[in-house]
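# Report on the structure
Spelled out from the first residue to the last, the chains are:
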Amino acid sequence: MRAKDAEWRSIMEIIRVENLVKEFKANKKKPGIKGAFINLFKPDRQKIRAVDDISFSVKKGEIVGYIGPNGAGKSTTVKMLSGILHPTSGRVSIYGISPHEDRKAVVKRLGVVFGQRTQLYWDVRLGESFELLKRVYKIDNSTYRRNMEIVNDVLKINELIDKPVRQLSLGQRMRGDLAAAVLHSPDILFLDEPTIGLDIEAKHSIRNFIRDINKLNQVTVILTTHDLDDVEQLCSRLMVINHGIIVEDGPLDVLIRKLAPHRILSVELAHPCEDVQHAHARVISQETLKVTYSFDRNEITAASLISELSSRMPIRDLSVKEPDIEETVKKLYGMDCSK
């Protein structure tokens, strides 16, 4: 029975990371002109451990949020998983294959999007970028047409297909990058900050696409982000990395309640109101017609709070804001984000 359990587990766990370490060497700068002169001829090189002995596994069809502040090791981990960086020590396996030992075999099953770096060809039409990728991945015509129909349904790619990549806005380029990442029908998507700097409409389109591609083809997704909305709307599991170490790994609802229990509700009143207090929400600021509350999601839902306030206050407009992940994790673990 144990042998069968182990075999089943190995099939389900399509990504396995064991004792992964990544170190970089950097010059330690000395102050002043004298220090610059010394650095030039006798640099003081030190090791920086960006990822520090992490282990985890991911099952087929999971959408996993991988969060932490800048410099915590998120992007470094993704680059090792995709074979772009080689680990200092430890092991990564995708379907039992190391992306560093047999990258060609693994890359065929991966789609990768880095929010601040494009894989599209800058000086050609977006459609030509797709056609070049079709040749690179040796995608047959029927698969290519089917996948283009899928990405167009959600991302509206056809309206951008004849634009040069250099003329695309950030949101349009991200739509193009996501389409490019799934043209070859990958089993796994690594998405590094895919909604960074985007407006609400662009974020909505990209989240819908990630959700749809996961449901349609059971695509496994590892998502790094600073946007709590990305995590809440897409992920079933959350991992938190702090100084290169995974400090949390578990179901999203449990960890969200622990990491970010408080939400912010801002209401705009139609006219001034004397009593704006609520038993389960704290007033953190009050102007003439604008009141801002902080409330614990474990005590009251946003819908209940809004309903109760609306029954006795003339609310004209309102908004609910989630806490910033970077600041939340920084406060929880007292980490220094400057490195």
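Going by the structure above, here's the rest.
Let me sum up the structure you'll find in this document. Source: prediction; values computed, not measured.

## Details of the side chain of lysine 134
Structurally, lysine 134 can be placed in helix 5 (residues 126–136). The side chain of lysine 134 is buried and forms no salt bridge, while aspartate 140, the nearest opposite charge, is found at 7.8 Å. With residues near it in sequence (within four places) discarded, lysine 134 still touches Ile139, Asn141 and Tyr144.

## Let's talk about the packing of helix 5 against helix 6 (residues 141–155)
At their nearest, the axes of helix 5 and helix 6 sit 11 Å apart, and the two run at 140° to each other. By the angle between their directions, the pair helix 5 and helix 6 is classed as oblique. Seen along the crossing, helix 5 lies across helix 6 with a hand that is right-handed. Note on element contacts: helix 6 touches helix 5 through Asn141, Tyr144 and Met148, opposite Gly127, Phe130, Glu131 and Lys134. Of the residues that constitute the contact of helix 5 with helix 6, the class distribution is three nonpolar, two polar and two charged.

## Description of the pairing of strand 6 (residues 188–192)
Strand 6 sits mainly inside the fold: five of its five residues count as buried. Here strand 6 shows no split at all, with Ile188, Phe190 and Asp192 on one side and Leu189 and Leu191 on the other all buried. Note that strand 5 (residues 110–114) and strand 6 share five bridges and pair parallel. Bridged to valine 113 within strand 6 is leucine 191. Pairing of strand 6 with strand 7 (residues 220–224), which is carried by five bridges, proceeds in the parallel orientation. Across the sheet, the residue bridging to leucine 191 is leucine 223, located in strand 7. The parallel pair strand 6 and strand 7 is bridged by helix 8 (residues 200–217), and the resulting crossover is right-handed.

## Some words on the environment of arginine 207
One can find arginine 207 in helix 8. Overall, arginine 207 belongs to the buried group, its relative accessible area being 8%. When the C-alpha positions of arginine 207 and threonine 195 are compared, they lie 8.5 Å apart, and in sequence the two are twelve residues distant. Residues contacting arginine 207, with those up to four places away along its chain left out, are Asp227, Asp229, Asp230, Gln233 and Leu234.

## Considerations on the packing of aromatic side chains
Note on aromatic pairs: each is described by the distance of the centres and the angle between the planes. In the structure shown here, the tally under the stated rule is one aromatic pair. Centroid distance phenylalanine 56 to tyrosine 66: 6.4 Å. Interplanar angle 45°. Geometry classified as tilted. Within this pair, whereas phenylalanine 56 is found in strand 2 (residues 45–59), its partner tyrosine 66 is found in strand 3 (residues 63–67), the two being separated by ten residues in sequence. An identical accessibility class is assigned to phenylalanine 56 and tyrosine 66; each is buried. Looking at arginine 109, its charged tip hangs above the ring of tyrosine 95, at a distance of 3.7 Å from the centre.

## Side note on the nonpolar core
In this structure, Phe130 and Leu238 are the most contacted members of the largest nonpolar core, which totals 48 residues. The leading source of residues in this core is helix 7 (residues 170–182), at six residues. With residues up to four places along the chain from it excluded, the contact list for phenylalanine 130 reads Leu120, Tyr144, Met148, Ile157, Ile161, Gly176, Ala179, Ala180 and Leu183. Core analysis: the next-biggest nonpolar cluster, separate from the first, contains 24 residues, Ile54, Val78, Val92 and Ile94 among them.

Calculation rules
Residues numbered from 1 in each chain as written. Predicted model: local features only at pLDDT ≥ 70, side-chain atom pairs only at ≥ 80, totals over all residues. Heavy atoms only, no water. Helix = DSSP H or I, 4+ residues; strand = E, 2+ residues; numbered from the N terminus. Buried < 20%, exposed > 50% of the residue type's maximum accessible area, 1.4 Å probe, protein only. Lys, Arg positive; Asp, Glu negative; His and termini not counted. Salt bridge = Lys/Arg side-chain N within 4 Å of Asp/Glu carboxyl O. Contact = heavy atoms within 4.5 Å. Axes fitted to C-alpha atoms, helices over the stretch in contact; angles between N-to-C directions. Parallel < 35°, antiparallel > 145°, perpendicular 65-115°, else oblique. Left-handed = near helix turned anticlockwise from the far one by under 90°. Nonpolar A, V, L, I, M, F, W, Y, C, P; charged D, E, K, R; others polar. Pairing = 2+ DSSP bridges. Right-handed = clockwise from strand over helix to strand, strands pointing away. Phe/Tyr/Trp six-rings, centres within 6.5 Å; stacked < 30°, edge-to-face > 60°. Lys NZ or Arg CZ within 6 Å of the ring centre and 35° of its normal. Core = buried A, V, L, I, M, F, W, Y, C linked by side-chain atoms within 4.5 Å.

Remember, this is a structural readout, not a statement about activity or role.
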